[in-house]
Structures are given as C-alpha cells and as structure tokens.
Amino acid sequence: PIRFLRHLLSDAESSPQSSVTSAASSASVQHDSQGHGKVTESQVVAAFSRETGLPLFMIDDDVPLSLGEITAWFGARIIGQAQAVQAVVETMARVKARLTRPGKPIASFLFIGPTGVGKTELAKSLATYLFGDVSRLVRVDMSEYSHEGAATRLIGGTLSSEGYLTAKVREQPFCVVLLDEFEKADGSVLDLLLQVLGEGRLTDAAGRVADFSNSVIVMTSNLGAQSYQSGPFGFAASADQRQSAINHFTEEVRTHLRPELFNRIDRIVPFAPLDEAAALAIARREIDLIRRRDGVLMRRLRLELSDEVVTHLARTGFDARYGARPLKRAIEQQLLAPMADGLNGYSHEIPLVARGVMTAGDVIVKVSGDAGADQAGVSDASIGMLERCQKIRRALGQVRRHQVVVETINELFTAQREAGRLTKMLSSTQAGTDAVRRRRPHLEKQLGKWQAVIDRLGAPLAKLTTLEQAMERAEDEAMLALCERRLDALPAVLGSVSQLAAEMHDWVLAFYLARTEPPKRLTLALFSDEPELLLSMIRGFIPLMAPDCIAGAARFFRFRSSTDKPRKKDAGPIRMSALPVPKAADQLANLVDGQIGAAWEVTDARLIALVRGEGGRHVHVDAQRKQQVCLADAYEDGLASYVAPQGIERRCDLDSAPVRRTYNARTHTIIDPRLSRQTQWSGRDLETILPDIVRDNLLIEAYAFVQLEPPV
C-alpha cells in the first residue's frame, strides 16, 4: 500500500501543471498553490481498482452491491448449478460487508461433485468477475504433486529458490488460485495448504513471503466420483436424486479430509448432477457459441437448427456421470464435422445457410446458397467497417511503438521530472539565503523552458491514449454485437469509426507539427501572366489562407515586360481583412487585373505545414489541350523580406521549376505526384477541391513521418 501511494504522489509531483497519465494513476491530479500533487481518496480507489482488476463495488463503500446482478451474471455462465452460484454470491456479499475474518484469503471454496458439471468453469468466472480477466486464474493440477517431496515444487527448494505457487502469487497477488483435484496431492502439500487457508501467507525457500490475503482459493475435488459412476445411467431426473448425489459427495469429502483442513475452508460448495433441462440449456449455449466463431461470422453464414436437433444432441451426447464434456464431443462430431464438409465446397464470398434437421434418427446438415443473407446475415459493409476498425486499432498500436513516439514519451517524462524538481526548488528559495534567491530568475527561466516542452508534447500523447481506448471500445462493442447477432446495433456501433479515423488524422498532424516545429512565418507567392489562371489559383487557396491572413498581409506584384517603362512603385500591403467574403471575388478580379502575382504571409503552424510543400509549377490544361502555368513559391519568412524570383518581371521561362500539380480540365482530373490517386474535378472551381488536396498531401507527409499507411 505504501509503495502504491508513493507512486501516485511521485507522479503527481513530477507533473505540476498536467494530468498524471501512468497506468496506476491516469486520473486527473489536483495541485496546491506551490504545485505539489494532491491525490483524493476517490482517485486512489479508482487507481487501485484499475491496477488490481477488483470491481469498485468490492472496495468502495459508496458503490452498492447488487446481488441480483451478480447472480444473473454467474447464472448465465454456470448452467444448472443454482445452489453453487448462490453460495459464491453469498460469500461475496460477506466480503463486501467486511464480515470475513482478516488475515485470510478473500474467500476459500471447495467445489465438490461429479466431473463435467461446471466446477472449473465457475473458478474461471470468478477470476473474470473479480479481477477483470480470466488470465488472473493460477491453476495448479494437484495430481502432478502426488509424490513425496512435491511441496518443494510449490515453494522452491535447494536446487531452485523460486517455487511455482509462491512466485505466481508474489507476481500477481490479486488472483484466483485453482487447486484442481486437490485430494490427489501429497500430504506435505496439504500441510502447506493449511498455512495458506489459515494465515493467508506462504514463505518460499528463499524466505520471501507470498501474501494470499488478496486472492481467492478454489479447490476442486472428485472424491466419491468413482462410486457415483457405478450408479444408474441417464439424467438425475428428480430433486431427491440430485440431493442424494450432493449428500454423497459431501460425505465423501468429510470422510477423506483431516478436520483441521476441513474446518479452514470457508464454504463447501456441492455441484449437483445435471438434469435434462440443464443439458438442453448447455446444448443451446454451445450452439450459440458456434454462431460466434469467425468461420460463421465472417463468411455471412446462417446456422438454422430445429428444436428436434438440439434435443437429440442433448440426449445422445449427455451422460450424468461424465457431465457436459461428452455433449461437446457429440456436437463436434454430429454437427460441426458435416457442416465443415459442406462449407468447404463453396467460395468464402458466397452467402450460405446451414440447416440441421432430423432424418431417420440422425442429424443431417445441408449447406446451400442463402438468398436472404443480406437481411439475416452480416452485410459486407458491416464486415468492412469492422476490418477498418481493426486496422486503425493496429495502426495506433504501431504508432505507440514507433521510435519517434517513444522518444517523445521519454522527452515528456524528462520535462515533467525537471519541471517538478524546479518547482520544488522555487518554493524553497523563498525562505533561502540571498545567494539562493539570486538564482531564482535562472530557475524560473529553466522552468519555463521545460513547461514549454510539456505544453507542446503533453497534449498529443494524452490524445493518443484517448484514441487507443476509444478504438478498442468500438472494436469490442462491434465484435460483441456480431457475436450476439445484434445486427441492428452494428450501424450505431460502427458509425463512430469514421469519427475516430478523422480524430486519428488530426492526432497524426498534431504530433507531426509538435515534432517537426515548422518555421514561425511563411510567405506563399503565386505568379502567372494569365490573369484568369492567377485569379483561379488565388481563389483556390483562399479557403485555406483566409482564417490566418485576417491577421496577416497580402501583396500583389505588377508584371513588367522588358519594353515597359518604369512605373510607380505599387501601393503597400493589402490586408485580407479589407476583403469582405461576399465581395471578395469582385475585389480580387480588380486586384489581379494588370498584376503578375500575389503573396500571402501566414503565421499559423498548421497552415504553414499545409502550404510549404506547394512550391513548383502548377500546370493547367484547358479543354483545347492548351497549357498554362502558375508558379508557386514558398518562402520561409515574412513578406517584409520576401523578394520575387529573379527575372519574373521580364516574363521569364517558368518551365525551369519542377511540376507540382497538373489540373486537366479536359479529362476532369487533378494529378498530384505525392498522392496515389487521380482526383476527380469539375474543371472549373478550384476553391471546392484544392484545400482538400493540400490537406491530403500534409496527411501523407505526417503518416510517412510515423511510418504508417493512412487508413482509408
């Protein structure tokens, strides 16, 4: 606990002006007037819940516990074992109410009963519900520890100081420990189990303590299974038979276990043999799980089974002595095998339906083309959107591992650490000596430098984390809707993917600008001796330039041929703010008349990045195949120091510059060498299409910077 809190406070104090974004403390952290981090109780609880996986209702007194919701959650996964589920739920209620004995595991269960009735499945469900992931299950097959001296494998010995069980629990103390068929273990192993159940701790061979007080211990046992299997075949049809089986297994465990071990177990949970209703429910669930497999979801396949088929599979594949495992084998053999043979005869793109019917006491599966696939199955559009979602999520993962991003994360960490250190020094200099006070201006300057780095890099990295989480949620929700066949929910779920893709584009651009740091100001000049072409190009760039040039300036250059007499110097800069939008076209026409070029000064970083790659010849081909040229010049400084290209006033040859873009009014296409496509164009107005092309160019450049292909 102390290490956990110190970690929270350390992160808070190392980032005095920003939110903490580490895995353990991603919540926003408050700061006092001196910049010291302060963490609230609710933030500690939330961070603890994220790190351990424990749901909030188990650790936060303000969050109520709904027994009905827990019972329904477990009941949907453990079929036909209402008493076992209720026993687990009641124990969790005692944990929530803090009525369990301290210094012991969260709970300890002994699951007893015949094989194949859900004992291991309930342990997995406990790990998923309590700690958020089935991987939090530490499974130990006790039949492997039946020989003398087997305890050394669990806690370590002379040859190895690391024991399997102690190492696992020390690595992740918040877990479910499953001791499968524990009665088969050697007596020395059971002696160790006494210490775990009684004191909640175990010491390995190196003297290190493994703390079990944050874990759930689940033991399973088949004691009495052999004598039970000698009983009658078929379902346990009556309640008396089920209760008789429960009593049988309970008595077997009581007889076999030593009293000191039996008394340390919190709850003996008997599992009853499955009845016919449970077998039918399990069969339906297994078939529903088959519908969620990729081979069904991703090839627009409908699976239709009659009630007679489900009942037949439940009856022929079920044996009360062996539980649900034979039922799964029956489904594989009688349903999946013939369905796979039928599917392999068709192309993956063809919509299909697989129908299972009973014929002469056997299951017959017929696979054929499905005319109603678009209505009942998964559409190509839905599959395409899901694949796009997965592509973006994988791209974000690659970005996170990119060298430039890793360097950025390290640079931000250094800046936050240095800013925190300087903030502490500045707060302590108020009561320091005169010599220390003289350093204050220097320290404040250094703090400002590091804070500028935090301001520049912090937002893009925080946005990357937000995008990753949002895309993972969208993919999870889409997959869940597909698996549950809630096809009507797919448009709403996948509709957010386009928005997330746009946000990803914005993030890549923001990160690119943060890392490349474009010049402070840039001048973009356009030159042409064709007034209509010059006017068209100016209009094409105005939608991009106008927002920034309201605070900037524009200047028009007069054309002079070698025979022209000297003219008066042109008037000073023309402010774009003086051109009202409704009248801009008329005013621009007057300004361009008799001029050879125009130039803008821009100061916005994003706009500079957009237009600094526009330099070169912009070739226009009219309907008669006549070529006209507009020269673009990108100068990385302001208008005050800009000089037009040498010789431009003498109708110089513009063909010496490389071709930047070709606008073909005859074929209605725009060809940009940097884009892997031809853009369709009306052949007239550039203001409707040129801004998008310029933005796409910057997007290509930004994605190349992080070595990724832009998602469509």
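An account of the accompanying structure is given in this report. (Residues numbered from 1 in each chain as written. Predicted model: local features only at pLDDT ≥ 70, side-chain atom pairs only at ≥ 80, totals over all residues. Heavy atoms only, no water.)

## Describing the sheet that holds strand E3 (residues 107–112)
Next, step 1: Across the sheet, which stays open at both edges, the 5 strands sit in the order E4-E5-E8-E3-E9 with parallel pairing between neighbours. Each edge of the open sheet is held by one strand with a lone partner, namely strand E4 (137–141) and strand E9 (267–270). Looking at each pair of strands side by side, their axes are set apart by 20° on average, direction ignored.
Next, step 2: Sheet strands in contact with helix H5 (residues 82–96) are E3 and E9, and its direction is about 155° off that of E9. (Pairing = 2+ DSSP bridges. Helix = DSSP H or I, 4+ residues; strand = E, 2+ residues; numbered from the N terminus. Axes fitted to C-alpha atoms, helices over the stretch in contact; angles between N-to-C directions. Contact = heavy atoms within 4.5 Å.)

## What about the packing of aromatic side chains?
Next, step 1: Inspection of the entire model under this criterion finds 13 aromatic pairs.
Next, step 2: With centroids separated by 4.8 Å and ring planes inclined at 55°, the aromatic side chains of Trp-73 and Tyr-129 adopt a geometry described as tilted. Of this pair, Trp-73 sits in helix H4 (residues 67–75) while Tyr-129 is found in helix H6 (residues 119–131), placing the two residues 56 residues apart along the sequence.
Next, step 3: On the basis of relative accessibility, which here comes to 21%, the residue Trp-73 falls in the partly exposed class. (Phe/Tyr/Trp six-rings, centres within 6.5 Å; stacked < 30°, edge-to-face > 60°. Buried < 20%, exposed > 50% of the residue type's maximum accessible area, 1.4 Å probe, protein only.)

## Quick word on the nonpolar core
Next, step 1: Counting residues in hydrophobic clusters, the biggest one holds 75 residues, and the most contacted among them are Leu-526, Ile-538, Phe-541 and Met-545.
Next, step 2: Among the elements that line this core, the one with the most residues is helix H21 (residues 440–483), at 12 residues.
Next, step 3: Not counting chain neighbours up to four residues away, the residues in contact with Phe-541 comprise Leu-524, Leu-526, Trp-600, Glu-614, Leu-690 and Val-694.
Next, step 4: Val-95, Leu-303, Ala-314 and Leu-327 belong to the second-largest nonpolar core, a separate cluster that totals 63 residues. (Core = buried A, V, L, I, M, F, W, Y, C linked by side-chain atoms within 4.5 Å.)

## Brief notes about the packing of helix H13 (residues 276–291) against helix H15 (residues 307–316)
Next, step 1: Contact geometry of H13 with H15 gives a least axis separation of 9 Å together with a crossing angle of 115°. Relative to H15, the crossing made by H13 is right-handed. Residues Glu-276, Ala-279, Leu-280, Ala-283, Arg-284 and Ile-287 of H13 lie in contact with H15, whose contacting residues are Val-310, Thr-311, Leu-313, Ala-314 and Arg-315.
Next, step 2: Class assignment of the residues belonging to the contact of H13 with H15 gives a composition of 7 nonpolar, 1 polar and 3 charged. (Left-handed = near helix turned anticlockwise from the far one by under 90°. Nonpolar A, V, L, I, M, F, W, Y, C, P; charged D, E, K, R; others polar.)

## Looking at the pairing of strand E10 (residues 301–305)
One face of the sheet, then the other: side chains in a regular strand alternate in exactly this way.
Next, step 1: Counted residue by residue, E10 has 4 buried out of 5 residues, so it is predominantly covered.
Next, step 2: The pairing of E10 with strand E11 (residues 352–359) spans 5 bridges and is parallel. Looking across to E11, one finds that Leu-305 is bridged to Gly-356.

## Concerning the side chain of Glu-601
Next, step 1: One can find Glu-601 in strand E15 (residues 595–602).
Next, step 2: Classification of Glu-601 by relative accessible area gives buried; the value is 15%.
Next, step 3: Reaching out from Glu-601, the side chain makes a polar contact with the backbone nitrogen of Leu-639 at a distance of 2.8 Å. (Polar contact = N/O pair within 3.5 Å; in protein donor to acceptor, adjacent residues only side chain to side chain.)

## Topic: H6
Next, step 1: An ideal rise of 1.5 Å per residue puts 18 Å on 13 residues; H6 measures up with 18 Å between its terminal C-alpha atoms.
Next, step 2: Of all 13 residues in H6, 10 are buried, a share of seventy percent or more.
Next, step 3: Listing the buried residues of H6 in full gives Lys-119, Thr-120, Leu-122, Ala-123, Ser-125, Leu-126, Ala-127, Tyr-129, Leu-130 and Phe-131.
Next, step 4: Downstream of H6 by one or two residues, Gly-132 has phi in the positive range, about 80°. (Expected span 1.5 Å × (residues − 1).)

## Describing the pattern of salt bridges
Next, step 1: Applying the stated criterion across every chain, the model contains 31 salt bridges.
Next, step 2: Among the salt bridges present, the one from Arg-208 reaches Glu-162, with a minimum N-O distance of 2.6 Å. Highlighted residues: Arg-208 in the loop between strand E6 (201–203) and strand E7 (209–211) and Glu-162 in the loop between helix H7 (151–155) and helix H8 (164–171), separated in sequence by 46 residues.
Next, step 3: Judged by relative accessible area, which is 30%, Arg-208 ranks as partly exposed.
Next, step 4: Measuring nitrogen to oxygen at the nearest pair gives 3.4 Å for the salt bridge that ties Arg-695 to Asp-692. With Arg-695 and Asp-692 both in helix H26 (residues 690–705) and 3 residues apart, the pair spans about one turn of that helix.
Next, step 5: One salt-bridge network, in which partners are shared between bridges, spans Glu-162, Arg-170, Asp-204 and Arg-208. (Salt bridge = Lys/Arg side-chain N within 4 Å of Asp/Glu carboxyl O.)

## Structural notes on the sheet that holds E11
Next, step 1: Here we have 3 strands laid out as an open sheet, ordered E10-E11-E12, and mixed in their pairing. Because the sheet does not close on itself, it has two edges, and the strands there are E10 and strand E12 (362–369). Across this sheet, the average inter-strand angle for adjacent strands is 20°, counted without regard to direction.
Next, step 2: Across the sheet, H15 touches E10, E11 and E12, and the angle it forms with E11 is around 65°.

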